[in-house]
Amino acid sequence: MKESGTNEEAIMENIGPQKRVSQLDEMGYFIGPVMADSSPLDEPGHYLIPGGAIDRDPPDTLEFGRLYRPAEGGGWTSVEDLRQRTLYSVNDGQPYHLGAEINGQRYDGIGPFPEWLTLEARPNDWSVWSGSAWIPDESLLAAEITSQRLEEKAEKLAYAFQQIVLLQEAQSLDMATPEELDLLQRWRRYRVEVSRVDPTDQKAAWPAVPG
């Protein structure tokens, strides 16, 4: 045991004291602390700084979502890091891919984001960016409602056509009951009434489905 301790002391004597320094990434931002060994060829106080590191104590505190880089004259300065967040174009609400060019401008996710981006997702297709928030646009909302009513009208007409075809088959084969013949007329009337509904009129009610 004594011999082992002696070997460890010898190793430590060869290594010498170490100093904590700061490792930076390729962009010059702080990654984490690393240890620098004392230089065996220089006077005491000289250290072998690892590649990419600087001889500076790491920041005292690290705030989540921020990047730290050396400040002139010592210490550290920090910037916002949004590379893990989703940003959206204020023009159309589509997610922005970092580094993509929009109108000759790019953003890499580091530092304050430009005015043409936002962290707030567009809630729907009829909202527009006001400069600080998404707000409903009446014309876009009306167009969206009209589009939905057009789809609903087409579905109603198609379903009515299916019912009419089946009842007409029974009629042409002299297999239709009096109740089915009455229902055929009501489905025909229903289809005509649906065709006359104006999809742009949000207050226009749909006719009752024949029962």
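Structure report, in brief. None of these values were measured; they are calculated from a predicted model. (Residues numbered from 1 in each chain as written. Predicted model: local features only at pLDDT ≥ 70, side-chain atom pairs only at ≥ 80, totals over all residues. Heavy atoms only, no water.)

**Thoughts on the overall build of the protein chain**
Next up, step 1: On a plain count of helices and strands, the protein chain comes out with three helices and ten strands.
Next up, step 2: Secondary structure elements in the protein chain, listed N-terminal to C-terminal, are α-β-β-β-β-β-β-β-β-β-β-α-α.
Next up, step 3: Each principal axis of the C-alpha distribution contributes one length, and for the protein chain these read about 110 × 50 × 25 Å.
Next up, step 4: Counting across all 211 residues of the protein chain, residues that qualify as buried make up 27%.
Next up, step 5: Taking contacts inside the protein chain between residues at least 6 apart in sequence as the whole, the part at least 24 apart equals 43%.
Next up, step 6: Element-wise, carbon and sulfur atoms account for 51% of the exposed surface of the protein chain, whose accessible area totals about 14,600 Å².
Next up, step 7: Charged side chains of the protein chain number 19 positive and 36 negative; the gap between the two group centres comes to 10 Å. (Helix = DSSP H or I, 4+ residues; strand = E, 2+ residues; numbered from the N terminus. Buried < 20%, exposed > 50% of the residue type's maximum accessible area, 1.4 Å probe, protein only. Contact = heavy atoms within 4.5 Å. Areas by Shrake-Rupley, 256 points an atom, 1.4 Å probe, with all protein chains shown as cover. Lys, Arg positive; Asp, Glu negative; His and termini not counted. Charge placed at Lys NZ, Arg CZ, Asp CG, Glu CD.)

**Some points on the sheet that holds strand β1 (residues 18-24)**
Next up, step 1: Taken in spatial order, the four strands make up an open sheet running β3-β2-β1-β4, and their pairing is antiparallel. Only two strands of the sheet have a single neighbouring strand rather than two, namely β3 (47-48) and β4 (53-54).
Next up, step 2: Summarising the sheet, strand β2 (residues 30-38) and β3 pair through two bridges and their orientation is antiparallel. Bridged to Ser38 within β3 is Tyr47. (Pairing = 2+ DSSP bridges.)

**Side note on the packing of aromatic side chains**
Next up, step 1: Per the stated rule, a full pass over the model turns up five aromatic pairs.
Next up, step 2: Judged by centre distance (5.4 Å) and plane angle (70°), the rings of Phe30 and Trp76 are edge-to-face. Placement of Phe30 in strand β2 and of Trp76 in strand β6 (residues 76-80) is noted, with a sequence separation of 46 residues between them. Of the two residues, Phe30 and Trp76, neither departs from the other in class, the shared state being buried.
Next up, step 3: Aromatic pair Trp129 and Trp134: ring centres 5.2 Å apart, planes at 70°, arrangement edge-to-face.
Next up, step 4: The exposure class assigned to Trp129 is partly exposed, which follows from its relative accessible area of 21%.
Next up, step 5: Assessed through its relative accessible area of 9%, Trp134 is described here as buried.
Next up, step 6: Site record: aromatic cluster; members linked through ring pairs are Tyr159, Trp187 and Tyr190. (Phe/Tyr/Trp six-rings, centres within 6.5 Å; stacked < 30°, edge-to-face > 60°.)

**Brief notes about unusual backbone geometry**
Next up, step 1: The phi torsion at Asn103 lies on the positive side, around 55°, for a residue other than glycine.
Next up, step 2: Phi at Asp174 takes a positive value of approximately 55°, unusual for a residue other than glycine.
Next up, step 3: Tracing the chain through its elements places Asp174 in the loop between α2 (138-172) and α3 (178-195).
Next up, step 4: The class for Asp174 is exposed, based on a relative accessible area of 72%.

**Comments concerning the pairing of β6**
The two faces of a sheet get side chains in turn, since along a regular strand they alternate between them.
Next up, step 1: Where strand β5 (residues 66-70) meets β6, five bridges bridge the pair, whose relative direction is antiparallel. The residue bridging Leu67 from the neighbouring strand is Val79, located in β6.
Next up, step 2: In this structure, the hairpin formed by β5 and β6 is closed by a connection of five residues, where Gly73 is found at a positive phi of approximately 85°.

**Let's talk about α3**
Next up, step 1: Between its first and last C-alpha, α3 extends 26 Å over 18 residues, near the 26 Å set by a 1.5 Å rise per residue.
Next up, step 2: Restricting attention to buried positions, one finds in α3 the residues Leu184, Trp187, Tyr190 and Val194. Looking straight down α3, one finds its buried side chains confined to an arc of 130°; they lie on one side.
Next up, step 3: Looking at the buried residues of α3, the elements they touch are α2. (Expected span 1.5 Å × (residues − 1). Arc of directions from axis to C-beta.)

**A closer look at the packing of α2 against α3**
Next up, step 1: One can describe the packing of α2 onto α3 by two numbers: an axis separation of 9 Å at closest approach and a directional angle of 155°. Our classification of the angle between α2 and α3 gives roughly antiparallel. You can see that α2 and α3 cross each other, and the crossing is left-handed. Between α2, through Lys153, Lys156, Leu157, Tyr159, Ala160, Phe161, Gln163, Ile164, Leu167, Gln168, Ala170 and Gln171, and α3, the contact on the second element is made entirely by Glu180, Leu181, Leu183, Leu184, Trp187, Arg188, Tyr190, Arg191, Val194 and Ser195.
Next up, step 2: Tallied by class, residues from the contact of α2 with α3 come to 13 nonpolar, four polar and five charged. (Axes fitted to C-alpha atoms, helices over the stretch in contact; angles between N-to-C directions. Parallel < 35°, antiparallel > 145°, perpendicular 65-115°, else oblique. Left-handed = near helix turned anticlockwise from the far one by under 90°. Nonpolar A, V, L, I, M, F, W, Y, C, P; charged D, E, K, R; others polar.)

**A few points about the nonpolar core**
Next up, step 1: Of all hydrophobic cores here, the largest spans eight residues; its members are Leu157, Ala160, Ile164, Leu167, Leu184, Trp187, Tyr190 and Val194.
Next up, step 2: Only α2 and α3 provide two or more residues apiece to this core.
Next up, step 3: Setting aside chain neighbours within four positions, we find Ala160 in contact with Trp187, Tyr190 and Arg191.
Next up, step 4: If you look at the next biggest cluster of nonpolar residues, it comprises seven residues, including Leu87, Val90, Tyr96 and Leu117. (Core = buried A, V, L, I, M, F, W, Y, C linked by side-chain atoms within 4.5 Å.)

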